[in-house]
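Reading the structure
Chain residues, written in single-letter form:
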Amino acid sequence: MKKELSAIEAKYEAQKIAFGPMYFQSVIALRDLGILQFISENRKGVSIETIIDNVDVSEYGVTLLLEAAEVLGVVEIADNIVKISKVGFFLLKDEMTRVNMNFMNDVCYLGAKNMTDSIVNGKPEGLKVLGDWPTIYEGLSILPEPAKTSWFEFDHYYSDNAFPDALKIVFSKKPKLIFDVGGNTGKWSFACCEHDAQVRIKILDLPVQLNVARANATARGLLDRIDFHAINLLDTTQKIPQGADVIWMSQFLDCFSKEQITQILENAFQAASEHTTLYILEPFFDNQNYPAAHYSLVATSLYFTIMANGNSKMYRIEVMKELVCKAGFEVVATYPLIGDSYHTILECRKKAQ
Ligand SMILES: C[S@@+](CC[C@H](N)C(=O)[O-])C[C@H]1O[C@@H](n2cnc3c(N)ncnc32)[C@H](O)[C@@H]1O
């Protein structure tokens, strides 16, 4: 059972929220100015004077950032000696933390101020700080740096970890033709081609993304096995073609509202035969082993609100299963938390009519 906070503790927690954005930026500065790295290289601890002598930052700057870092538990300071804490170590060395922090700082931070307007208007009102598009998806491959690198590192960090086990699951039925819906840069399609020498792929995505996927496929010499189908799945007149053995949707449906997901799945339904398998790979926030994963996924929903499209989110697993059924499919197997990842695969078939 959760321990009830005292009033003093609750007031402290409330201040963490009140000053959170500024403390966040202080850690970015501590990292980007090389101060955290220097401290971590001195495992047994290092004096504040030595830090000032070795990093290119004023005494004022070092002192101030260390005071903030101590409050946050990023460093420990005793008798003028500074040591990196376990939290500091993760901030510096952990890949999930690195991609999350850069995504927050480079993609979301400035736009986050528009949270209230985004919710009221149902639009990503923060997106204007990056470019003039209705949703981030029209701008993905032309985002300004460093937002572009941080967006792709964030997206790939989460989906790449799922691919090895996902390949085993999808290829257990030896599909000959896979549709990679929302295939983005083509990473999954290339992994499929490497896994199986015969398989053919069709990548379906917005035209601006297909330019990137096509260039990547060309560089890999895969144009004879991968083709491209430009589609805007928010336009219900644009139909997914028929003929796929597998329709693959990886980290795709979370880009849409529940109503839009139902429409897209109905579109997949008209494209599917009774032999087609629809696979949905998603990180469901209520189906995670670690609190850090749950916390990160709920934060990702907030990114969808302010920057992506103003109406999508990460979902609970049962919500997605209901939408799958509503569109005429049934979930015939669930592969929870595959491999070293945060994802579940839902294997779906058309319901018998
Ligand atoms: C979060 S990315 C997922 C990429 C990849 N499948 C993965 O697992 O990493 C979502 C993809 O959906 C595409 N997308 C977003 N809105 C779309 C739309 N209305 N029609 C077609 N594709 C869309 C985006 O361009 C992007 O490539």
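Here, every reference points to the structure presented above.
The following refers to the structure shown. Keep in mind it's a predicted model, so treat the numbers as computed, not measured. (Residues numbered from 1 in each chain as written. Predicted model: local features only at pLDDT ≥ 70, side-chain atom pairs only at ≥ 80, totals over all residues.)

Counting buried positions along strand β7 (residues 246-250) yields five of five residues, so the element is predominantly enclosed. Residue alternation in β7 divides its side chains into two sets, V246, W248 and S250 and I247 and M249, and both sets are buried. Across four bridges, strand β4 (residues 177-181) lies against β7 in parallel orientation. Looking across to β7, one finds that D180 is bridged to W248. At this point the chain moves from β7, through helix α12 (residues 258-271), to the parallel strand β8 (residues 277-282), and the crossover so formed is right-handed. (Buried ≥ 20, exposed ≤ 12 C-beta atoms within 10 Å, placed from the backbone. Helix = DSSP H or I, 4+ residues; strand = E, 2+ residues; numbered from the N terminus. Pairing = 2+ DSSP bridges. Right-handed = clockwise from strand over helix to strand, strands pointing away.)

Right, let's get into the sheet that holds strand β2 (residues 75-78). Taken in spatial order, the three strands make up an open sheet running β1-β3-β2, and their pairing is antiparallel. Of all strands in the sheet, those bounded by a partner on one side alone are β1 (46-47) and β2. Where β2 and strand β3 (residues 81-84) come together, four bridges link them in antiparallel fashion. The residue of β3 that forms the bridge with I77 is V82.

The next point concerns the packing of helix α1 (residues 7-32) against helix α4 (residues 59-72). When two helices pack together, you describe them by how their axes are tilted relative to each other and by the distance separating the axes. At a minimum axis distance of 10 Å, the contact between α1 and α4 shows a crossing angle of 120°. Classified by the interaxial angle, the pair formed by α1 and α4 is oblique. In this structure, α1 meets α4 at a crossing whose hand is left-handed. For the pair formed by α1 and α4, the contact residues are Y23, S26, V27, A29 and L30 on the first element and L65, A68, A69 and L72 on the second. Here the contact of α1 with α4 is built from residues that sort into eight nonpolar, one polar and no charged. (Axes fitted to C-alpha atoms, helices over the stretch in contact; angles between N-to-C directions. Parallel < 35°, antiparallel > 145°, perpendicular 65-115°, else oblique. Left-handed = near helix turned anticlockwise from the far one by under 90°. Contact = placed C-beta atoms within 7 Å. Nonpolar A, V, L, I, M, F, W, Y, C, P; charged D, E, K, R; others polar.)

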